[in-house]
Amino acid sequence: MQSITIRRPDDWHLHLRDGAMLEGVIGDTSRDFARAIIMPNLVPPVVTTADAEAYRARIIAALPKGDKFQPLMTLYLTEHTNPDDVEAGKTSGLITAVKLYPAGATTNSHGGVRDIEKAIPVLERMAKIGLPLCVHGEVTTPEVDIFDREAVFIETVLDPLRKRLPELKVTMEHVTTKDGIDYIKSAKANLAGSITTHHLIINRNAILVGGIRPHYYCLPVAKRENHRLALRAAATSGDPRFFLGTDSAPHVDPLKECACGCAGIYTSINTMSCLAHVFEQESALDKLEAFASLNGPAWYGLPVNEERITLVKRKETVNFPGKVETGAGLVTVFDPMFPLHWDVER
Ligand code: DOR
Ligand code: ZN
């Protein structure tokens, strides 16, 4: 039997939702992860530090007894975000980052930013106080093909913004293209990227071959195989600029399996098993700790976790439930389409 012990991992991009869904899914994260950056795209979104404080309290209240999970809160950037409120949130230690959703890019992003010019005062303040900006890096321009939206965002929004505010720390979240990987590698400073579990495993065929498979649909949408290979190379390289952000995003089945299904893949429950599989395939198990447990804290200026987890490779298949029952309804679990053998020892 093979096994590997690493520092307890963190998830640098997570959707926990609220209410019954929050209660139904949080245990799947707190079981394996010490901390997570919590996405603010609730309805209504988490736009002020007061919103974030209240949401944090609801998350803590929903934690299974005994779990020590720490939610790292973010604010949803709008064209009216108050720089003083953002600074107060950072100073108090409540706020870890601010999230930029281009308006219309994804789930509950309609209150996001249409005109980046309007957000410049907040972004300037963030650059000054060293508060990172997490970006959903896709343009929403109707003329731009959905498979090109990340590359066009880098060229037309992100690169100009970084040239204008070189001191601003930017996390390109859920990078899905070789263009994104190359752009991050080309930066001299103040740019890093998170990579999801599922984008290391699926390409766009998973969504479209043999029928439309809504449980593989997320945003940014999975791209061609050459992009997946670039993501795998970056994630398993040990390069400190790349770290895990699962983007685990639960939606109940009826909202996925319909004429206009929601974007989002639920991976919290089996991410560590999937990652160990991927890293073993790439002969890079020795880099798993960097990707899941070391590079993220270094980027966000936080201490690494002192606790360890052990992953063991079992002869038999490790079975996860196909669906998770939440108070809000059933949520389908990501199926990597290969048997899993790596298991987190409990
Ligand atoms: O697939 C996604 N789901 N991508 C996002 O950016 C948002 C997320 C969600 O909130 O469902
Ligand atoms: Zn997300």
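Residues numbered from 1 in each chain as written. Chains lettered and ligands numbered in written order. Predicted model: local features only at pLDDT ≥ 70, side-chain atom pairs only at ≥ 80, totals over all residues. Heavy atoms only, no water.

- You'll find the protein entered in an unreviewed UniProt entry as Dihydroorotase, with Rhizobium grahamii CCGE 502 given as the organism.
- Note on the protein: under the UniProt heading Function (unreviewed entry), the record states "Catalyzes the reversible cyclization of carbamoyl aspartate to dihydroorotate."
- Regarding the protein, the relevant UniProt record gives this comment under Subunit (unreviewed entry): "Homodimer." (UniProt positions renumbered as here; feature names shortened; annotations may be inferred.)

Observations regarding the pairing of strand 5 (residues 95–100)
Phase 1 of the analysis: In terms of burial, strand 5 is a largely internal element, 6 of the 6 residues being buried.
Phase 2 of the analysis: Each parallel crossover has a hand, and for strand 4 (residues 70–76) linked through helix 3 (residues 83–91) to strand 5 it is right-handed.
Phase 3 of the analysis: Tracing the backbone out of strand 5, into helix 4 (residues 120–129) and back to the parallel element strand 6 (residues 133–135) gives a crossover that is right-handed. (Buried < 20%, exposed > 50% of the residue type's maximum accessible area, 1.4 Å probe, protein only. Helix = DSSP H or I, 4+ residues; strand = E, 2+ residues; numbered from the N terminus. Right-handed = clockwise from strand over helix to strand, strands pointing away.)

Points about helix 8 (residues 225–235)
Phase 1 of the analysis: Those residues of helix 8 that fall on the buried side of the exposure criterion are His227, Arg228, Ala230, Leu231, Arg232, Ala234 and Ala235.
Phase 2 of the analysis: Tucked into the core, helix 8 has its buried residues touching helix 6 (178–186), strand 8 (191–195), strand 9 (242–244), helix 10 (271–281) and helix 11 (288–300). (Contact = heavy atoms within 4.5 Å.)

Side note on the coordination of the zinc ion (ligand 2)
For a metal with four tetrahedral donors the ideal donor-metal-donor angle is 109.5 degrees, while six octahedral donors give ideal angles of 90 or 180 degrees.
Phase 1 of the analysis: Bound to the zinc ion (ligand 2) on the protein side are His13 (NE2), His15 (NE2) and Asp247 (OD), at distances that span 2.0 Å.
Phase 2 of the analysis: Each donor residue of the zinc ion (ligand 2) belongs to the same chain, with the gaps between them written as H-x1-H-x231-D. Taken together, the residues span a long stretch of sequence, with His13 in strand 2 (residues 11–14) and Asp247 in the loop between strand 9 and helix 9 (253–256) at a distance of 234 residues.
Phase 3 of the analysis: Classification of Asp247 as buried rests on a relative accessible area of 6%. (Donors = N, O, S within 2.8 Å, 3.2 Å for Na, K, Ca; no water.)

Focus: the layout of surface pockets
Phase 1 of the analysis: By volume, the largest pocket is sized at about 310 Å³.
Phase 2 of the analysis: Taken together, 19 residues form the lining of the largest pocket, with Leu72, Gly93, Ile95, Thr96 and Leu302 sitting closest to its centre.
Phase 3 of the analysis: Among the secondary structure elements, those contributing two or more residues to the lining of the largest pocket are strand 4, strand 5 and helix 11.
Phase 4 of the analysis: Take the lining of the largest pocket: its biggest share by element is 4 residues, from strand 4.
Phase 5 of the analysis: Taken together, the residues of the lining of the largest pocket break down into 11 nonpolar, 4 polar and 4 charged. (1 Å grid on protein atoms, 1.4 Å probe; cavity = no way out; pocket = protein on both sides within 12 Å on 5 of 7 lines; lining within 4 Å. Points joined across faces, edges and corners; volume = space filled by probe spheres on them. Nonpolar A, V, L, I, M, F, W, Y, C, P; charged D, E, K, R; others polar.)

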